[in-house]
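An overview of the molecular structure
Residue-level listing of the chains:
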Amino acid sequence: MKMLDKIIVCIRWICMFLLIEMVAVIFFQVVSRYCFGIAHFWAEEMAVFSMIWLVFLGSVIAESRNDHTRITFFVNLLPGGLRRYGSRAACARSSTSAI
């Protein structure tokens, strides 16, 4: 297994933890607010920051699997040889817009 694959596996585990943590914190906040009448100020911020990190790390996983969002309508109109270069240009454009 290459080093990049190991990093992606670690990022996937972090994303799974963040998703579970986010659901648990929101569930805790709902139960404590509506059942006990106690609102915790940190729960919403923790869920928001978890979601932000989940989106950023998920985009790394999508980019590594080449599943990023791109519009291929014009690339598919190109002939075979140019289609390969157009696809590479679309990937490069997607990668630079992520920065």
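Higher on the page you've got the structure.
Throughout this description, residue numbers start from 1 for each chain and increase along the sequence as written. Only residues with pLDDT of at least 70 are given local features in this predicted model, and only at 80 or more are side-chain atom pairs given and counted; all residues enter the totals for whole chains, interfaces and linings. The side-chain values count all of the structure's non-hydrogen atoms but skip hydrogen atoms and water molecules.

**Observations concerning the side chain of E21**
Numbered from the N terminus, helices here are DSSP runs of H or I no shorter than four residues, and strands are runs of E no shorter than two. Take E21: it is sitting in helix α1 (residues 3-34). Residue contacts for E21: discarding those within four places in its chain leaves M46 and S50. Should any heavy atoms of two residues lie within 4.5 Å, those residues are counted as being in contact.

**Looking at the environment of F27**
Looking at the secondary structure, you find F27 in helix α1. Along the chain, F27 and A43 lie 16 residues apart, while their C-alpha atoms are 9.7 Å from each other.

**Focus: the nonpolar core**
Residues I11, C15, L18, M22, A47, L54, L57 and I61 constitute the largest nonpolar core, which totals 8 residues. Residues contacting L57, with those up to four places away along its chain left out, are I11, I14, C15 and L18. The set of buried Ala, Val, Leu, Ile, Met, Phe, Trp, Tyr and Cys residues whose side-chain atoms join them within 4.5 Å is what this entry labels a nonpolar core. For every residue, the accessible area (1.4 Å probe, protein chains only) is compared with the maximum for its type, and the residue is labelled buried under 20%, exposed over 50%, or partly exposed between those bounds.

**As for the environment of L19**
Position of L19 relative to the elements: it lies in helix α1. Taking relative accessible area as the criterion, L19 reaches 43% and is therefore assigned partly exposed.

**Things to note about the packing of aromatic side chains**
Aromatic pairs are defined between Phe, Tyr and Trp rings, using the six-membered ring for Trp, whenever the two ring centres lie within 6.5 Å; interplanar angles under 30 degrees are classed as stacked, those over 60 as edge-to-face, and all others as tilted. On inspection of all chains with the given rule, the structure shows 1 aromatic pair. Taking 5.8 Å as the distance between ring centres and 25° as the angle between the ring planes, the aromatic pair formed by F28 and W42 counts as stacked. With F28 in helix α1 and W42 in helix α2 (residues 41-64), this residue pair connects regions lying 14 residues apart in the sequence. For a lysine, the NZ atom is tested; for an arginine, the CZ atom; a charge sits over a ring if that atom is within 6 Å of the ring centre and within 35 degrees of the ring normal. Note that R84 overlies the ring of Y85, its terminal NZ or CZ placed 5.2 Å from the centroid.

**Observations concerning the pattern of salt bridges**
A side-chain nitrogen of Lys or Arg and a carboxyl oxygen of Asp or Glu constitute a salt bridge if their distance falls within 4 Å. Inspection of the entire model under this criterion finds 1 salt bridge. Across the pair E44 and R33 runs a salt bridge, and its minimum N-O distance is 3.2 Å. Placement of the pair is E44 in helix α2 and R33 in helix α1, with a sequence separation of 11 residues. Judged by its relative accessible area of 45%, E44 is partly exposed.

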